[in-house]
Amino acid sequence: MSSLCPFAGATTGGGVCPVKSDKSSAGVCPAKSDKSISGVCPITGMGQGSEQKESADHAEEKGSDPRMVPAKCPFGYDSNTFKLGPLSCIICQALLHESSKCKPCAHKFCKACISRFKDCPLCGADIEGIEPDAELQALVDRFIDGHARIKRSHAAGDVEAAGGKNKVIYEDVSMERGAFLVQQAMRAFRAQNIESAKSRLTMCADDIREELKSSEDNLDLCSQLGAVLGMLGDCCRTLGDAPSAITYYEESAAFLSKLPTKDLELVHTLSVSLNKIGDLRYYDGDLQSARNYYARSLDVRRNAVKEHSSVASQVIDLATSLAKVADVDRNLGNESAAVEGFEEAIQCLEKLKLDSEQANLEQRRLSVLDFLHNQLADK
């Protein structure tokens with residue numbers, strides 16, 4: 001799974017979060033279209049009360065919209081800070097998924113996380129058994145549904161503050177819902193809690209699909225959904241569910257294919273999704289299908305190099321795709337095509353000149369080059 005959040009780089013470019021680039025309202029997230037605007041805390045059930053006026057006064061002093069009510073998560077679930085809160089699993093450092101309680105110490109973790117331990121990671125007590133904690137999990141679910149929910153809606157207009165005369169537009173209480181869910185999924189994935197990651201990503205994908213129903217041509221949403229579907233494919237692949245992984249990768253490629261090829265990050269994501277389908281077909285013994293997907297990825301990368309010939313990473317990606325296609329050609333018995341592909345890949349890499357600041361790319365270049373020379377030596 002990519003370490004990059006799909007909400008932090010898309011068709012808008014420049015490293016700007018695409019969900020914050022809505023041209024209809026500068027600086028306002030276009031994903032913020034939940035019409036159930038509310039200033040009620042999903043944990044306590046209380047409104048923001050007097051804090052609304054204080055925050056509004058503070059905003060007015062800064063010259064911004066005095067109706068905006070900034071909010072900050074007390075547990076640190078926002079875009080700038082992070083700390084483990086009472087709803088987090090200390091093992092995967094993500095929000096609890098399938099919350100489970102150890103017996104007899106009663107410490108609580110994700111089911112998948114604690115199942116790998118014989119002793120409690122917190123207190124060291126022997127784990128005699130684990131049991132689900134439905135009440136705590138319900139609280140986590142309410143937290144996800146409410147705390148990360150988008151609070152600002154362009155369509156709904158202004159909303160009367162509870163018990164007050166001033167109209168207040170609520171911001172989201174942490175970060176964009178999609179970015180929040182992906183953040184939790186990536187933490188869980190890195191800690192091998194794949195079911196948790198899959199659950200969060202599925203919620204994120206469902207949210208974006210709802211947005212697309214009313215904005216089918218929104219390129220940013222297509223970019224985000226394509227990336228999230230690719231992550232879901234990674235989850236299924238890790239879980240050994242190859243058919244589901246292929247389905248997600250194919251859908252990811254379908255959405256990403258709609259986007260302009262000028263954004264190199266999107267080009268890379270699209271070509272990787274196609275290659276992953278090819279890999280799964282290859283391991284399943286369907287060499288012709290594998291070649292078709294590898295060839296599609298190769299075409300995407302050729303076009304990218306034509307427009308960005310000076311970008312070293314694109315050239316290395318192209319050489320890698322050439323090697324994949326050539327390897328399948330060899331296995332299909334087409335040796336002349338395989339040799340031609342390997343030689344073209346070698347020429348691409350030998351022409352590529354990298355400076356000392358590109359040590360990682362140079363290491364990758366040499367690794368691919370070494371593989372290619374070995375393949376030609378085996379002919």
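Residues numbered from 1 in each chain as written. Predicted model: local features only at pLDDT ≥ 70, side-chain atom pairs only at ≥ 80, totals over all residues. Heavy atoms only, no water.

Regarding its fold elements, the protein presents 12 helices and 6 strands. Residue burial in the protein is summarised as follows: out of 379 residues, 46% are buried. Considering only intrachain contacts with a sequence separation of at least 6, the fraction spanning at least 24 residues in the protein is 59%. (Helix = DSSP H or I, 4+ residues; strand = E, 2+ residues; numbered from the N terminus. Buried < 20%, exposed > 50% of the residue type's maximum accessible area, 1.4 Å probe, protein only. Contact = heavy atoms within 4.5 Å.)

Right, let's talk about the sheet that holds strand E4 (residues 129–132) for a bit. Overall, antiparallel pairing links the 3 strands, which are arranged E3-E2-E4 in an open sheet. Strands with a single pairing partner mark the edges of an open sheet, and in this sheet they are strand E3 (108–110) and E4. Each strand axis lies, on average, 40° off the axis of its neighbour in the sheet, ignoring direction. Here strand E2 (residues 99–103) pairs with E3 via 3 bridges, running antiparallel. Note on E3: the bridge partner recorded for Ser-100 is Phe-109. (Pairing = 2+ DSSP bridges. Axes fitted to C-alpha atoms, helices over the stretch in contact; angles between N-to-C directions.)

Quick look at the pattern of salt bridges now. Under the defined criterion, the tally for this structure stands at 13 salt bridges. Between Arg-330 and Glu-335 there is a salt bridge whose closest N-O contact spans 2.9 Å. With relative accessibility at 18%, the residue Arg-330 sits in the buried group. With a relative accessible area of 30%, Glu-335 lands in the partly exposed category. Where salt bridges share partners, they join Arg-237, Asp-279 and Lys-324 into one cluster. (Salt bridge = Lys/Arg side-chain N within 4 Å of Asp/Glu carboxyl O.)

Before going further, it helps to spend a moment on the nonpolar core. Within the largest apolar cluster, 59 residues are counted, with the highest numbers of intra-cluster contacts made by Cys-89 and Leu-201. If one sorts the elements of this core by residue count, helix H6 (residues 219–238) sits on top with 9 residues. One finds Tyr-294, Ile-316, Ala-326 and Leu-376 within the second-largest nonpolar core, a separate group that totals 26 residues. (Core = buried A, V, L, I, M, F, W, Y, C linked by side-chain atoms within 4.5 Å.)

Inspection of the entire model under this criterion finds 2 aromatic pairs. Ring geometry for Phe-143 versus Phe-180: centroids 6.3 Å apart, planes at 50°, classification tilted. Taken as a pair, Phe-143 in helix H3 (residues 134–147) and Phe-180 in helix H4 (residues 177–190) lie far apart in primary sequence, 37 residues in all. Overall, the relative accessible area of 0% leaves Phe-180 in the buried class. Aromatic pair Tyr-282 and Tyr-283: ring centres 5.9 Å apart, planes at 90°, arrangement edge-to-face. In this structure Tyr-282 comes out as partly exposed when scored by relative accessible area, which is 24%. The exposure class assigned to Tyr-283 is exposed, which follows from its relative accessible area of 64%. (Phe/Tyr/Trp six-rings, centres within 6.5 Å; stacked < 30°, edge-to-face > 60°.)

Feature annotation in UniProt places "domain: RING-type" (unreviewed entry) on residues 89–123, given in this structure's numbering. Taken end to end, residues 89–123 has its terminal C-alpha atoms 14 Å apart, with 11% of it in helix and 23% in strand. (UniProt positions renumbered as here; feature names shortened; annotations may be inferred.)

With 70% of its residues at a pLDDT of 70 or more, the protein has an overall mean of 77. In the predicted structure, residues 9–71 sits below a pLDDT of 50 and forms 121 contacts with residues beyond four places in sequence or in another chain. (pLDDT = per-residue confidence, 0-100.)

A few words now on helix H8 (residues 264–283). Over its 20 residues, H8 runs 28 Å from end to end, which matches the ideal 28 Å to within 8%, given 1.5 Å per residue. Listed in full, the buried residues belonging to H8 are Leu-266, Val-267, Leu-270, Ser-271, Ser-273, Leu-274, Asn-275, Lys-276, Ile-277, Gly-278, Asp-279 and Leu-280. In the core, the buried residues of H8 are packed alongside H6, helix H7 (242–256), helix H9 (287–307) and helix H10 (312–331). Downstream of H8 by a residue or two, Gly-285 has a phi angle that is positive, lying close to 90°. (Expected span 1.5 Å × (residues − 1).)

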